[in-house]
Amino acid sequence: MKYRSLGRTGWKVSDVSFGAWAIGGAWGSVSDEESLSALHKAVDSGVNFIDTADVYGNGRSERLIAQLRKSRKEQIIVATKAGRRLPKQILEGYTRENLTTWIEDSLRNLATDALDLLQLHGPPTDLFYHPEVFAMLDDFVKAGKIRYYGVSVEKVEEALKAIEFPNVQTVQIIFNCFRQRPADLFFPRAKQKQVGILARVPLASGLLTGKLRRDSTFASDDHRNFNRHGEQFDMGETFAGVDYNTGLEAAEEIRLLLPAGVSMSQFALRWILMSDAVSCAIPGGKRPDQVADNCAASDLPPLTPEAMAAVQRMYDAKIRPLVHQRW
Ligand SMILES: NC(=O)c1ccc[n+]([C@@H]2O[C@H](COP(=O)([O-])OP(=O)(O)OC[C@H]3O[C@@H](n4cnc5c(N)ncnc54)[C@H](OP(=O)(O)O)[C@@H]3O)[C@@H](O)[C@H]2O)c1
């Protein structure tokens, strides 16, 4: 496992880290026992950074991470999120009172006195024009409730606006072979300001693992079933917002580029790590075998210029017209 600086926090985080949404919920049924095995496998593989949220299984994901931390001696940095408890994403919901409640709940779930990194969880665009919300976050840092804060955004424009606030340490954004726009303008700016970048949905919800087929089915409580068209939350979070069959065809083009012994997931993650502005990718993993597969991407040699150019051609021809300007 290799490690990269996380913004100005002083932390070095595993460049392949762990996304803990699926072990909380919204991805079909998961057993806590298997989720804990997946978490232990991540730490065994060198992962020292986990991304979660208060709403992932209504605290279930955070509580599993607390259990993991209790039974391991390694330092495990946990980034959680707040804001999605609101019935609707409106600026008026981001009050000191609500933030206090969300933070206290996460502190309890994570069994800790201070949150390592608190991210605003896809707040409305309007919020990024309200410095008073960020001033409140500064107060929570001063009070010792959170060590650092960052944001998780849908759009590049929100990311660009967020890093104008000097104490935003990290931006979490969708970045993968199917979602390339963050690299155009945002990554150079973030790098210049030493802001950490968490690349989320790195496997396009499984499309980039190469295991999905036209006739693959998903449980009714799996967002790949119920949110394909953005029925419950932003459709960009499901299959990275790419039309399913187009995504399958594009993934087949990537399959042709795999070096010997490299899995599709590893290739997709290594592609993300080719951007040195990225601090880490946070692939979701439900089982130890998935985690082991993903973590091995960290130690792969760089992708060849030919492979990078081929991914670019695939993106320009098949994916760019569908997603590039949308997020
Ligand atoms: N708004 C936000 O802030 C937001 C939104 C989305 C995600 N996130 C964060 O980003 C993380 C990653 O995104 P994601 O979980 O949505 O999507 P992802 O990482 O692109 O896909 C994860 C899913 O792919 C499958 N998978 C993972 N590794 C695999 C492997 N090696 N081989 C085969 N299948 C594999 C697993 O599901 P199956 O086994 O069921 O196929 C897993 O749950 C989340 O866990 C969360 O921490 C944040």
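Residues numbered from 1 in each chain as written. Predicted model: local features only at pLDDT ≥ 70, side-chain atom pairs only at ≥ 80, totals over all residues. Heavy atoms only, no water.

Trainee: Would you take a moment to explain the environment of leucine 208 for this structure?
Mentor: Mapped onto the fold, leucine 208 is located in the loop between strand E9 (196-200) and helix H7 (223-226). Using a relative accessible area of 2% as the deciding quantity, one classes leucine 208 as buried. Counting along the chain gives 42 residues from leucine 208 to alanine 250, while the straight-line C-alpha distance between them is 8.9 Å. (Helix = DSSP H or I, 4+ residues; strand = E, 2+ residues; numbered from the N terminus. Buried < 20%, exposed > 50% of the residue type's maximum accessible area, 1.4 Å probe, protein only.)

Trainee: Quick question: what am I supposed to make of the site of the ligand here?
Mentor: Neighbouring the ligand are 30 residues; Asp51, Ser152, Lys211, Arg224 and Lys286 lie closest to it. One of the backbone nitrogen or oxygen atoms of alanine 20 is found 3.4 Å away from an oxygen atom of the ligand. In this structure, an oxygen atom belonging to the ligand sits 2.8 Å away from a main-chain N or O atom of leucine 203. In isolation the ligand exposes 890 Å². Once the protein is present, 94% of that is buried. (Near = heavy atom within 4 Å. Polar contact = N/O pair within 3.5 Å; in protein donor to acceptor, adjacent residues only side chain to side chain. Areas by Shrake-Rupley, 256 points an atom, 1.4 Å probe, with all protein chains shown as cover.)

Trainee: Sorry if this is basic, but what is going on with the sheet that holds strand E8 (residues 168-174) here?
Mentor: The pairing of strands in a sheet comes from backbone hydrogen bonds and takes either a parallel or an antiparallel form. Here eight strands make up an open sheet; going across it, the order is E3-E4-E5-E6-E7-E8-E9-E10 and the pairing parallel. The strands lining the two open edges of the sheet, one partner per strand, are strand E3 (18-19) and strand E10 (280-281). Across two bridges, the pairing between E9 and E10 is parallel. Along E10, the bridge assignment pairs alanine 199 with alanine 281. (Pairing = 2+ DSSP bridges.)

Trainee: Quick question: what am I supposed to make of the state of the cysteines here?
Mentor: Enumeration according to the criterion identifies zero disulfides in this entry. Considering cysteine sulfurs only, cysteine 280 is the nearest to cysteine 177, which forms no disulfide, with 17 Å between them. In this model cysteine 295 remains outside any disulfide bridge; the closest cysteine sulfur is found in cysteine 280, 11 Å from its own. (Disulfide = S-S within 2.5 Å.)

Trainee: Looking at this structure, how should I read the pairing of E9?
Mentor: The two faces of a sheet get side chains in turn, since along a regular strand they alternate between them. Burial analysis of E9 places five of its five residues in the buried class, the great majority of the element. Of the two faces of E9, the one carrying Gly196, Leu198 and Arg200 and the one carrying Ile197 and Ala199 are both buried. Examined bridge by bridge, E8 and E9 share five bridges and lie parallel to one another. Considered in E9, the bridge of isoleucine 174 is made with arginine 200.

Trainee: It is not clear to me how the nonpolar core should be interpreted in this structure. Could you clarify?
Mentor: Soluble globular proteins: nonpolar side chains tend toward being buried together. The biggest cluster of nonpolar side chains holds 96 residues, and the ones touching the most others in it are Phe18, Phe134, Val171, Phe178 and Phe186. Looking at this core element by element, the count peaks at seven residues for helix H9 (residues 264-273). Those residues in contact with valine 171, other than ones at most four positions away along the chain, are Val151, Val153, Ala159, Ile163, Phe186, Val195, Gly196, Ile197 and Leu198. Core analysis: the next-biggest nonpolar cluster, separate from the first, contains 10 residues, Trp11, Ile77, Ala79 and Cys280 among them. (Core = buried A, V, L, I, M, F, W, Y, C linked by side-chain atoms within 4.5 Å. Contact = heavy atoms within 4.5 Å.)

Trainee: What's the story with the packing of aromatic side chains in this structure? I'm lost.
Mentor: Think of a pair of aromatic rings as described by two things: how far the centres are apart, and how the planes are tilted against each other in angle. Counted according to the given criterion, the structure contains 14 aromatic pairs. Centre to centre, the rings of phenylalanine 226 and phenylalanine 233 are 6.4 Å apart; their planes meet at 85 degrees, and the pair counts as edge-to-face. Taking the relative accessible area as the measure of exposure, phenylalanine 226 reaches 21% and is therefore partly exposed. The class of phenylalanine 233 is partly exposed, set by a relative accessible area of 21%. In this structure an aromatic cluster arises from ring pairing among Trp21, Trp27, Tyr56, Phe226 and Phe233. Over the face of the ring belonging to tyrosine 244 we find arginine 228, whose NZ or CZ atom lies 4.4 Å from the ring centre. (Phe/Tyr/Trp six-rings, centres within 6.5 Å; stacked < 30°, edge-to-face > 60°. Lys NZ or Arg CZ within 6 Å of the ring centre and 35° of its normal.)

Trainee: Is there a simple way to think about the packing of helix H3 (residues 96-109) against helix H4 (residues 131-142) in this case?
Mentor: Relative placement of two packed helices is described by the angle separating their axes and the distance separating the axes. Their axes nearest at 11 Å, the elements H3 and H4 cross at an angle of 45 degrees. In this view, H3 runs oblique relative to H4, as classed from their interaxial angle. H4 is crossed by H3, and the crossing has right-handed handedness. Facing Arg96, Leu99, Thr100 and Ile103 of H3, the residues of H4 in contact are Met136, Asp139 and Phe140. The residue makeup of the contact of H3 with H4, split by class, is four nonpolar, one polar and two charged. (Axes fitted to C-alpha atoms, helices over the stretch in contact; angles between N-to-C directions. Parallel < 35°, antiparallel > 145°, perpendicular 65-115°, else oblique. Left-handed = near helix turned anticlockwise from the far one by under 90°. Nonpolar A, V, L, I, M, F, W, Y, C, P; charged D, E, K, R; others polar.)

Trainee: What is the right way to read H9 from this model?
Mentor: At 3.6 residues per turn, the α-helix brings residues three or four places apart onto the same side. Counting buried positions over the 10 residues of H9 gives 10, a clear majority of the element. Among the residues making up H9, those that are buried are Met264, Ser265, Gln266, Phe267, Ala268, Leu269, Arg270, Trp271, Ile272 and Leu273. Tucked into the core, H9 has its buried residues touching strand E1 (3-5), E9, helix H8 (244-255), E10, helix H10 (288-295) and helix H11 (305-323).

Read these as geometric descriptors, not functional statements.
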